[in-house]
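Chain by chain, the residues run as shown.
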There are 2 protein chains.
Amino acid sequence: MSSAAEPDGGPGRMLAAYREMALAEIERRLPYGEPASWLYGPLADYPRRTGKGLRAALCLATCAAFGGTEKDALPAAAAIELAHSAFLVHDDIEDGSAWRRGRPTLHRQEGLPLALNAGDALAVLGFDVLRTGVSGLGGRLGTRILDEFAAAMWRTLEGQALELGWRRDGVTRLSTCDYLDLVVRKTCWYTTIAPLRIGALIGSWGGVDLRGLTRFGLFLGAAFQITDDLLNVTGGQESYGKEILGDLREGKRTLLLVHLLSVAEPAHRQALVSLLRASDAERDDRLDWVAGLLVEYGSIPFARDFARGVAEAAAAAFPAAFRPAVRPEAAELVRYLVDYVVDRTR
Amino acid sequence: MSSAAEPDGGPGRMLAAYREMALAEIERRLPYGEPASWLYGPLADYPRRTGKGLRAALCLATCAAFGGTEKDALPAAAAIELAHSAFLVHDDIEDGSAWRRGRPTLHRQEGLPLALNAGDALAVLGFDVLRTGVSGLGGRLGTRILDEFAAAMWRTLEGQALELGWRRDGVTRLSTCDYLDLVVRKTCWYTTIAPLRIGALIGSWGGVDLRGLTRFGLFLGAAFQITDDLLNVTGGQESYGKEILGDLREGKRTLLLVHLLSVAEPAHRQALVSLLRASDAERDDRLDWVAGLLVEYGSIPFARDFARGVAEAAAAAFPAAFRPAVRPEAAELVRYLVDYVVDRTR
């Protein structure tokens with residue numbers, strides 16, 4: 001592993017190396033059997049569409065930073081990425097999304113029923129990989145890690161339910177606080193907080209105070225999600241890999257939309273509220289109009305500033321979170337990810 | 001608990017008592033929190049729609065038969081019923097079913113996205129209940145039970161994939177063997193084999209040979225599923241709780257349909273094959289025609305005889321499976337279930 005001397009090359013290469021490690025572990029753990037074309041093939045699809053590997057990298061780097069080896073945290077990192085894939089398959093169905101990582105979503109490829117079932121299988125696989133992977137850590141630490149993982153799953157399910165409930169029931173009176181509550185649950189717990197906490201628990205053999213990491217992960221995850229909201233409006237289709245303006249079509253309550261709803265003049269606000277209670281198809285014809293309002297009312301720079309502010313809060317929380325770290329170059333990778341999550345283009 | 005002296009009253013009351021125990025345990029383990037109306041409420045819906053409780057009863061009775069107390073197996077029994085509820089929620093989406101246990105399916109009630117998410121939550125809850133429940137059994141036995149549970153989940157996912165794949169791709173060249181392979185995976189493993197094996201492992205503290213139970217569970221589960229296929233055609237809407245002829249509408253390859261396809265004269269067979277490749281809506285208009293063919297070609301008595309034959313095989317396999325049993329009245333309940341699964345009306 002290279003040192004932190006090269007601010008771009010070093011951690012960037014380390015992130016890539018961690019992603020490769022996690023992918024190799026996932027590949028090693030993907031099951032084969034029959035029916036291959038209806039189950040084992042489809043379940044391997046998303047895990048093999050190379051993502052950012054952010055969750056795995058956070059887990060591996062944090063484990064290393066707190067005194068473990070990357071190998072110790074590899075099953076947990078793979079399990080978190082598999083759970084992520086499971087969520088993506090079901091999210092794409094729930095949202096009616098068309099594209100994922102540059103290719104058609106699984107339910108468009110396999111049909112909804114087989115995609116749903118493959119998503120279930122990925123969730124079972126994630127649990128399998130985690131519980132067999134932590135069995136070597138001893139009963140008490142192993143149980144604690146399973147508890148952490150399960151808690152993150154519950155927060156994610158809650159966040160997902162909130163987001164879907166807001167859309168189904170046409171909820172539009174939402175503050176930035178409501179948005180942040182959503183994001184902490186639907187994104188932060190499984191994307192940043194759990195990978196950090198689980199990595200630290202494994203690396204320190206259960207001996208580290210996790211509160212600083214939770215605080216850091218919360219800001220890091222929020223910066224990540226707000227950047228995702230932004231990329232959905234401002235990103236390039238090819239690098240982003242999802243539908244541009246897809247969030248608007250699906251009626252997702254992104255930070256941009258929450259801002260727009262709070263500052264738009266009454267006539268615009270009323271038209272937006274009606275549109276959010278309409279069908280995806282009806283919204284489809286008005287996407288450019290909504291995107292125009294986001295520009296007109298400054299929602300894009302608002303969200304960009306917000307993401308920057310939250311990233312700064314993450315950077316400020318970093319030193320306390322990683323004070324007990326024993327391997328500086330691994331901690332440095334985590335620090336690097338703060339800028340990475342807001343500067344990324346995918 | 002009453003003795004086996006009353007062939008109907010005794011085991012029947014015992015089955016009801018076991019169902020109540022499992023329901024109380026599930027009720028005790030159902031989580032509360034926010035969002036209640038979008039997650040914690042919907043996830044409790046199917047578990048509270050009283051089912052037969054067959055899976056829980058098998059697990060509790062087998063544990064007791066092999067020397068444990070019912071309480072020892074209660075978390076496992078609850079976990080199996082919760083996994084069953086999770087499967088039902090997702091199955092109903094995959095099949096586009098309208099009714100479940102006498103009420104609208106969850107996705108018709110909550111919309112597909114929130115129902116899908118609630119199904120995910122039920123699966124997470126099942127794992128949670130099981131892993132925390134077996135932690136008191138010691139690491140080695142606990143791990144073995146988690147392995148059994150996971151293996152049953154995988155077989156179920158495979159069976160579900162087979163069934164969905166056959167329908168999506170219009171597969172109609174199916175023998176009785178293909179049907180039985182499907183049923184062993186989609187039904188037997190989690191309905192009978194896993195409850196029996198897990199119950200026996202807990203009751204005997206891991207000391208019993210499971211092969212006889214697997215064999216018995218295989219026949220019992222097949223008899224259960226074929227009876228379900230029959231009830232879908234011949235049952236009363238009210239007692240059955242699902243749509244009568246729903247399997248035909250959904251194009252499910254039931255034993256009745258597999259028989260019909262194999263014996264129908266070419267013109268009928270060709271028309272059936274076309275209909276199975278049509279949409280659910282197109283099939284909806286021809287349900288009575290297909291039901292008429294099932295009568296004309298004797299598919300209903302064929303399936304009834306088949307179920308009886310498989311139940312007899314289960315009865316024949318019972319003594320060897322339960323030879324090491326130490327509590328006869330608990331074993332007697334399991335024996336009673338052989339007749340129960342084929343004689344039931346729901």
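Owing to the predicted nature of the structure, the values given are computational and were not obtained by experimental measurement.

In this section: the overall build of chain A. Summing up its helical and strand segments, chain A has 17 helices and 2 strands in all. The C-alpha atoms of chain A give 20 Å as radius of gyration, which agrees with the globular expectation for 346 residues (20 Å, within 12%). Looking at the 346 residues of chain A, the share that counts as buried comes to 55%. Relative to all contacts within chain A whose residues are 6 or more apart in sequence, the contacts with residues 24 or more apart total 78%.

Residue and element names in this part refer to chain A. Overall, the prediction assigns chain A a mean pLDDT of 93, with 97% of residues at 70 or greater. Mean pLDDT values over the elements of chain A span from 71, in helix α10 (residues 237-240), up to 98, in helix α5 (residues 106-110). A low-confidence stretch, residues 1-7 (pLDDT under 50), is modelled with 14 contacts involving residues beyond four sequence positions or located in other chains. The ipTM, which scores confidence in the relative placement of chains, is 0.95 for this predicted complex, and the corresponding pTM is 0.95.

This part covers the relation of the copies chain A and chain B. The two copies are related by a screw operation: chain A maps onto chain B through 180 degrees of rotation and 0.0 Å of translation along the axis, at an RMSD of 0.0 Å. Taken together, these values place the two copies in the relation of a two-fold axis. Take the interface residues of chain A: 100% of them recur as interface residues in chain B, which is what a same-surface contact looks like.

On the side of chain B, 34 residues touch chain A, which itself brings 34 residues to the contact. Only α2 (36-48), α4 (70-95), α6 (112-134) and α7 (139-168) of chain A provide two or more residues apiece to the side of chain A that touches chain B. Looking at the side of chain A that touches chain B, the element that brings in the most residues is α7(A), giving 14 residues. Its residues assigned to classes, the side of chain A that touches chain B comprises 19 nonpolar, 9 polar and 6 charged.

What follows deals with unusual backbone geometry. Residue and element names in this part refer to chain A. Geometrically, the link from Glu 34 to Pro 35 is a cis peptide bond, its omega value of 0 degrees lying close to zero. Of note, Pro 35 is situated in the loop between α1 (9-29) and α2. A positive phi angle, close to 50 degrees, is found at Arg 101, a residue other than glycine. Its place among the elements puts Arg 101 in the loop between β1 (99-100) and β2 (103-104). What makes Arg 101 partly exposed here is the crowd of 17 C-beta atoms within 10 Å.

A:Leu60, A:Ala76, A:Ala223, B:Leu60, B:Ala76 and B:Ala223 are the most contacted members of the largest nonpolar core, which has 236 residues in total. Once residues within four sequence positions are removed from consideration, A:Ala223 is found in contact with A:Ala307, A:Val310, A:Ala311, A:Ala314, A:Val341 and A:Val342.

This next bit is on helix α16 (residues 299-321) of chain A. One full turn of an α-helix is made of 3.6 residues, so residues set three or four places apart face in the same direction. Its 23 residues give α16(A) an end-to-end C-alpha distance of 32 Å, which sits within 8% of 33 Å, the value for a rise of 1.5 Å per residue. When we look at burial in α16(A), the residues that qualify are A:Ser299, A:Ala303, A:Phe306, A:Ala307, A:Val310, A:Ala311, A:Ala314, A:Ala317, A:Phe318 and A:Ala321.

What follows concerns the environment of A:Ser262. Within the fold, A:Ser262 resides in helix α12 (residues 255-263). For the pair A:Ser262 and A:Arg173, spaced 89 residues apart in the sequence, the C-alpha separation amounts to 8.3 Å.

Let us look at the packing of helix α3 (residues 54-65) of chain A against α4(A). Describing two packed helices takes the angle between their axes plus the distance from one axis to the other. Residues and elements named next belong to chain A. Where α3 contacts α4, the two axes come as close as 8 Å, and the packing angle between them is 160 degrees. Overall, the two elements α3 and α4 adopt an arrangement that is roughly antiparallel. Crossing hand, α3 versus α4: right-handed. Of the residues in α4, those touching α3 at Arg 55, Ala 56, Cys 59, Leu 60, Cys 63 and Ala 64 are Glu 70, Asp 72, Ala 73, Ala 76, Ala 77, Ala 78, Ile 80, Glu 81 and His 84. Tallied by class, residues from the contact of α3 with α4 come to 10 nonpolar, 1 polar and 4 charged.

The subject of this paragraph is the environment of B:Arg140. Residues and elements named next belong to chain B. If you trace the backbone, Arg 140 turns up in helix α7 (residues 139-168). By the C-beta count within 10 Å, which is 9 here, Arg 140 ends up exposed. Measuring from C-alpha to C-alpha, the distance between Arg 140 and Leu 82 comes to 24 Å, with 58 residues separating the pair along the chain.

Conventions and cut-offs
Residues numbered from 1 in each chain as written. Chains lettered and ligands numbered in written order. Predicted model: local features only at pLDDT ≥ 70, side-chain atom pairs only at ≥ 80, totals over all residues. Helix = DSSP H or I, 4+ residues; strand = E, 2+ residues; numbered from the N terminus. Rg over C-alpha atoms; globule rule 2.2 N^0.38 Å. Buried ≥ 20, exposed ≤ 12 C-beta atoms within 10 Å, placed from the backbone. Contact = placed C-beta atoms within 7 Å. pLDDT = per-residue confidence, 0-100. Least-squares fit on C-alpha atoms with pLDDT ≥ 70 in both. Nonpolar A, V, L, I, M, F, W, Y, C, P; charged D, E, K, R; others polar. Core = buried A, V, L, I, M, F, W, Y, C linked by C-beta atoms within 7 Å. Expected span 1.5 Å × (residues − 1). Axes fitted to C-alpha atoms, helices over the stretch in contact; angles between N-to-C directions. Parallel < 35°, antiparallel > 145°, perpendicular 65-115°, else oblique. Left-handed = near helix turned anticlockwise from the far one by under 90°.

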